[in-house]
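Given next are the chains, with one letter for each unit.
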Amino acid sequence: MAQISLRIEDEVKKKAEEACADIGLSLSSAINIYLKKLGREKRIPFEVSVDPFYSEENMSRLRRSVAQMEATGGTVHKVNFDD
């Protein structure tokens, strides 16, 4: 097996690792998938994305909404997703 050494900004690597974890892959596996497809198709290949519903930002909003609902005795309040 060949080994590749790359220099990447810390934040780029961190975000890529987080995205891979959300998808259920290691960063190494994701890069291997990318390189295999790139070699096979001779183009920048495909998009793999996480359902935005499960993003940390959305999950935080949902947790706040649930806490607010429970704190008010179960009354449902309109949630502003633009804040």
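The following paragraphs examine the structure supplied in this document. (Residues numbered from 1 in each chain as written. Predicted model: local features only at pLDDT ≥ 70, side-chain atom pairs only at ≥ 80, totals over all residues. Heavy atoms only, no water.)

**Focus on the overall build of the chain**
Link 1 in the chain: Looking only at helices and strands, one finds three helices and zero strands in the chain.
Link 2 in the chain: Across the chain, helices and strands are ordered from the amino to the carboxyl terminus as α-α-α.
Link 3 in the chain: When contacts within the chain are restricted to residue pairs at least 6 apart in sequence, those whose partners lie at least 24 apart make up 17%.
Link 4 in the chain: Carbon and sulfur atoms form 55% of the exposed surface of the chain, whose accessible area is close to 7400 Å². (Helix = DSSP H or I, 4+ residues; strand = E, 2+ residues; numbered from the N terminus. Contact = heavy atoms within 4.5 Å. Areas by Shrake-Rupley, 256 points an atom, 1.4 Å probe, with all protein chains shown as cover.)

**Regarding the pattern of salt bridges**
Link 1 in the chain: Here the structure, examined in full by the defined rule, presents five salt bridges.
Link 2 in the chain: With its nearest N and O atoms 2.9 Å apart, the salt bridge here joins Glu-17 to Lys-13. Here Glu-17 and its partner Lys-13 are both found in helix H1 (residues 10-23), four residues apart, which amounts to about one turn of the helix.
Link 3 in the chain: On the accessibility criterion, Glu-17 (36% relative accessible area) is partly exposed.
Link 4 in the chain: In this structure, Arg-43 engages Glu-41 in a salt bridge whose closest nitrogen and oxygen atoms are separated by 2.9 Å.
Link 5 in the chain: Arg-43 sits in the partly exposed class, given a relative accessible area of 42%.
Link 6 in the chain: A single salt-bridge network, built from bridges that share partners, covers Lys-37, Glu-41 and Arg-43. (Salt bridge = Lys/Arg side-chain N within 4 Å of Asp/Glu carboxyl O. Buried < 20%, exposed > 50% of the residue type's maximum accessible area, 1.4 Å probe, protein only.)

**Quick look at helix H3 (residues 56-71)**
Link 1 in the chain: When the terminal C-alpha atoms of H3 are compared, their 22 Å separation across 16 residues agrees well with the 22 Å that a helix rising 1.5 Å per residue should span.
Link 2 in the chain: Where H3 is concerned, the buried positions are Asn-58, Arg-61 and Ser-65. Axial view of H3: buried residues confined to an arc of 60 degrees, hence all on one face. Exposed side chains of H3 directed beyond 90 degrees from the buried face belong to Glu-56, Glu-70 and Ala-71.
Link 3 in the chain: Among the residues trailing H3, Gly-73 stands out with phi positive, at a value near 75 degrees. (Expected span 1.5 Å × (residues − 1). Arc of directions from axis to C-beta.)

**Focus on unusual backbone geometry**
Link 1 in the chain: Despite not being glycine, Lys-42 has its phi angle at roughly 60 degrees, a positive value.
Link 2 in the chain: By the secondary structure assignment, Lys-42 is in the loop between helix H2 (27-41) and H3.
Link 3 in the chain: By relative accessible area, Lys-42 is classed as exposed at 71%.

**Some points on H1**
Link 1 in the chain: In this model H1 runs 20 Å from its N-terminal to its C-terminal C-alpha over 14 residues, within 8% of the 20 Å that 1.5 Å per residue would give.
Link 2 in the chain: Just beyond H1, the residue with positive phi is Gly-24, at close to 95 degrees.

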